[in-house]
Amino acid sequence: MVSVARIRVILRRMPILVLAIAVLAVAVASSFHTPALAQEQLNRGWSLRDLLFPRRSERVEPPLDIQKARPKPKAKKSRPRLPAEPATPIVEKTPDARVVLVVGDFMAAGLAEGLDTAFAETPGVRIVARSNGSSGFVRDDFYNWPEEIKSLIDTEKPAAVIVMLGSNDRQQMKVADVREQPRSENWTKEYERRTDALGSAIAAAKVPFLWVGMPAFRVSKMTSDMLAFNDIYHSVAQKHGGEFVDVWDGFVDENGAFVTSGPDINGQPVRLRSNDGINVSKAGKRKLAFYTEKPLMKILGITAPGSAVTASAPAGAPVEAPAPAAAPIVVDRTPPMLLGDPALDGGSELLGAAPPAKGDPNLPGEKLVIEGKAPNASPGRADDFSSPPRTQPATASAVTDKTTAINP
């Protein structure tokens, strides 16, 4: 016989057993909802765990129409395109156009591109670039500019030569079989000799020339080297009759530090240098040419880009210096005068510059001030304290009036 206590335990667990049977029935029904799943369960057998916790592959995904809609990615806004730069009109050069020969390294190539844009509308000027991007004064075994410039001038017959060199020269130089460090004493002496040789070769060809200096660079050590190089170029240009063009201020800020962006030739902020801090952009090339235009136009004898060349000499002939201007007309103008100027009221000396004039000691005022003697009071005046009071003598008009009254 089952005891009463055992029966009570079974009755207490009855709701739990009923609930488990109900869950098992629901799980069996859901697992055999589709024929494919039912067949698969029958083939491989099943357990209570499979019914209560189906595997991921056996889970039935809800239809697509009731799945939660995923938000669509926002379309990226396209940046507005910058307006295209107006195309520079190209004017056909005349057969007798003056040739401007630009020589140097990769910086000279950029300068030539900027000058080509500046004089694109000038039919009488043609820019010819004969640069070597990897050249300099240090590696004369690679490219010897003092020797090469002679043949270039003979071939092109330029009216002017523009030199821009030095950006590749921050390296060792072989001097008498010894490799000298950059800017050492022997290195500097040899560098000055080689730059002087180039200036002498251009001067021997009797062609006017401009020497364009180096701009600042991003690396501070390179910038300081370029400043030292510019001093050498400046002295060589002056020594051989050329002109040095200083472009330094166009590529630094107000504190003299390197800038990537800055004002262009119209004062608008633009990018002047590339990301490497060495090369120049298109606007930077045009700015290099902007500094070179004025002295170049002076050599060529033109007033502005696009105007005709005034000199009629054949192409390649040196341009003579312009005749001195006529003496200015002298205009007689009254200079401005300060309000504190003593000459404004006719005087020529300030107060205290000369002793005052002495007064007449016989005058009553001088006697009163110097001697303390007051003049006698006139009869009848307020300061006449005589007793009895004195009568004022009659004037001629008073006597006449009395006579008229007696003898009307």
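Residues numbered from 1 in each chain as written. Predicted model: local features only at pLDDT ≥ 70, side-chain atom pairs only at ≥ 80, totals over all residues. Heavy atoms only, no water.

The chain has the name DUF459 domain-containing protein in an unreviewed UniProt entry, where Mesorhizobium waimense is given as its organism.

**Comments concerning the pattern of salt bridges**
Operational definition: We count a salt bridge whenever a side-chain nitrogen from Lys or Arg sits within 4 Å of a carboxyl oxygen from Asp or Glu. Every helix listed is a DSSP run of H or I at least four residues long, and every strand listed is a run of E at least two residues long, numbered separately from the N terminus. Partly exposed describes any residue whose relative accessible area lies between the buried limit of under 20% and the exposed limit of over 50%, with all areas from a 1.4 Å probe on protein chains only and scaled to the type maximum.
Evaluation of the coordinates by the stated rule reveals twelve salt bridges. As a salt-bridge pair, Asp140 and Arg194 come within 3.6 Å of each other at their nearest N and O atoms. Separated by 54 residues along the polypeptide, Asp140 in the loop between strand 2 (125-131) and helix 5 (145-156) and Arg194 in helix 6 (residues 185-204) bring together distant segments of the chain. The exposure class assigned to Asp140 is partly exposed, which follows from its relative accessible area of 31%. Residue Lys239 pairs with Asp196 through a salt bridge whose shortest N-O separation is 3.0 Å. Of this pair, Lys239 sits in helix 7 (residues 220-239) while Asp196 sits in helix 6, and the two are 43 residues apart along the sequence. Asp196 sits in the partly exposed class, given a relative accessible area of 21%. In the salt-bridge network here, residues are joined through shared partners; they are Asp140, Glu190, Arg193 and Arg194.

**Regarding the sheet that holds strand 7 (residues 243-245)**
To keep things clear, this is the line we draw: When DSSP finds at least two bridges between two strands, those strands are taken to pair. Axis definition: a line fitted to C-alpha atoms, over the contacting stretch in the case of helices. Angles run 0 to 180 degrees between N-to-C directions.
With parallel pairing, five strands are arranged side by side in an open sheet as 2-1-3-6-7. One side of each edge strand has no neighbouring strand; the edge strands of this open sheet are strand 2 and strand 7. For this sheet, the mean inter-axis angle between neighbouring strands, taken without regard to orientation, is 25 degrees. Pairing analysis gives three bridges linking strand 6 (residues 209-212) to strand 7, with the strands arranged parallel.

**Observations regarding the side chain of Glu190**
Stated precisely, the cut-off is as follows: N or O atoms closer than or at 3.5 Å make up a polar contact, with two conditions inside protein: a donor-capable atom paired with an acceptor-capable one, and, for residues adjacent in sequence, both atoms drawn from side chains. Contact between two residues is taken to exist if any of their heavy atoms lie within 4.5 Å; hydrogens are not considered.
Along the chain, Glu190 turns up in helix 6. Given a relative accessible area of 15%, Glu190 falls into the buried group. Within polar-contact distance, the side chain of Glu190 engages the side chain of Arg194 at 2.9 Å. Setting aside chain neighbours within four positions, we find Glu190 in contact with Met173 and Val175.

**Observations regarding the confidence of the model for the chain**
We apply this condition: The predictor's confidence in any single residue is recorded as pLDDT, a number from 0 to 100.
When the pLDDT values of the chain are averaged, the result is 79; 66% of them are 70 or greater. Counted against residues more than four places away or in other chains, residues 311-317, with its pLDDT under 50, gives twelve contacts.

**Brief notes about the packing of aromatic side chains**
Threshold: Note on aromatic pairs: the rings of Phe, Tyr and Trp (six-membered ring only in Trp) are paired at centre separations within 6.5 Å, and the planes decide the class, stacked below 30 degrees, edge-to-face beyond 60, tilted for the rest. Two conditions define a charge located above a ring, namely a distance within 6 Å from the ring centre to NZ of Lys or CZ of Arg, and an angle within 35 degrees of the ring normal.
Applying the stated criterion across every chain, the model contains ten aromatic pairs. Of note, Arg273 hangs over the ring of Phe217, and the distance from its end group to the ring centre comes to 5.2 Å. Above the face of the Phe251 ring, Lys287 is positioned so that its terminal group lies 5.9 Å from the ring centre.

**Quick word on the pairing of strand 3 (residues 160-164)**
Across the five residues of strand 3, five count as buried, placing the element largely inside the fold. Residues Ala160, Ile162 and Met164 of strand 3 are buried on one face, and the alternating residues Val161 and Val163, pointing to the opposite face, are buried as well. As judged from the five bridges shared by strand 1 (residues 98-104) and strand 3, these two strands associate in the parallel manner. Note that in strand 3 the partner of Val103 across the bridge is Val163. Sheet topology note: the strand 3/strand 6 ladder contains three bridges and is parallel. Following the sheet pairing, Ile162 is matched in strand 6 by Leu210.

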